[in-house]
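These are the residues of each chain, in order.
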Amino acid sequence: MKNFTVLVLLVLLVFGSYDAKAQRAYEEGDKILMAGISFGTYGYGYMGSRSGGMVPLYASLEFGIHEYFSVGPYVGYASYNYDWGFGRYSWNFLSVGAKGSFHYVPIINEAFDFDLDEEKFDFYISLFLGYENRSFSGDDFGFNYGNEGRLVFAPVTGFKYNFNPQFGVFAELGRGAFGYATIGVSYRF
């Protein structure tokens, strides 16, 4: 977790030369890096006690291709280790694919005569389409799950709050790269 935090801070410092003019939280032409951790993971081990591993990490890079739409790649990684007395085993997960998002704050403001601050708030609906691979390793105690992969098709609803035109935080609900909830930071460059 410490390495992940250092990596995020380093990326933000390297790309820290941003023109801080007033603009919407999402606009066509944007390049937005999002990095976070996921919660509410599912089915990754059923017996014994978790003895370590890495929480699910997630990162995506979105490119604003339209006033309301962005697309880009995502990647996620997680690992879990288990020890149940007479045997140990571990799982490693890698998820990669594409994410498409529909950003709708301007539509809400216009349709319902709301006054949401479009410079600070970004509500969006995303669709993840990718491939998830899980690999198993462990003591030979009768279970060998091998490696397997599957396609991921996952809808997500998200919210992003920008502290300034460059930095923000986000939260997503729905089956994303790994979990059912993801929180993190965003950086526009």
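Residues numbered from 1 in each chain as written. Predicted model: local features only at pLDDT ≥ 70, side-chain atom pairs only at ≥ 80, totals over all residues. Heavy atoms only, no water.

1. A few points about the nonpolar core
Among the nonpolar cores identified, the biggest contains 20 residues, and Tyr58, Tyr74, Trp91, Phe93 and Phe128 are the most heavily contacted of them. Secondary structure elements with two or more residues in this core: strand S1 (31-39), strand S3 (69-83), strand S4 (88-103), strand S5 (121-138) and strand S6 (148-162). At four residues, S3 tops the list of elements feeding residues into this core. (Core = buried A, V, L, I, M, F, W, Y, C linked by side-chain atoms within 4.5 Å. Buried < 20%, exposed > 50% of the residue type's maximum accessible area, 1.4 Å probe, protein only. Helix = DSSP H or I, 4+ residues; strand = E, 2+ residues; numbered from the N terminus.)

2. Here we look at the pattern of salt bridges
Opposite charge on two side chains allows them to pair when their charged atoms are near. Under the counting rule described, the total for this entry stands at seven salt bridges. In this structure, the salt-bridge partner of Lys99 is Glu172, at a minimum N-O distance of 2.9 Å. Note that Lys99 is positioned in strand S4 and Glu172 in strand S7 (residues 167-174), a separation of 73 residues in sequence. Exposure remark for Glu172: the relative accessible area of 3% places this residue in the buried category. One salt bridge in this structure joins Glu148 and Arg134, with 2.9 Å as the shortest N-O distance. (Salt bridge = Lys/Arg side-chain N within 4 Å of Asp/Glu carboxyl O.)

3. Quick word on a nonpolar patch on the surface
A cluster of nonpolar side chains, namely Met54, Val55, Val75, Tyr77, Leu94, Val96, Tyr131 and Leu151, defines an oily patch on the protein surface of about 690 Å² accessible area. Those elements that place two or more of their residues in the nonpolar patch are strand S2 (49-64), S3 and S4. With respect to the secondary-structure elements, Met54 resides in strand S2. A residue is classified by how much of its surface remains accessible, and Met54, at 34% relative accessible area, is partly exposed. (Patch = residues over 30% accessible without salt bridge, like charges linked within 9 Å, V, L, I, M, F, W, Y side chains within 5 Å. Areas by Shrake-Rupley, 256 points an atom, 1.4 Å probe, with all protein chains shown as cover.)

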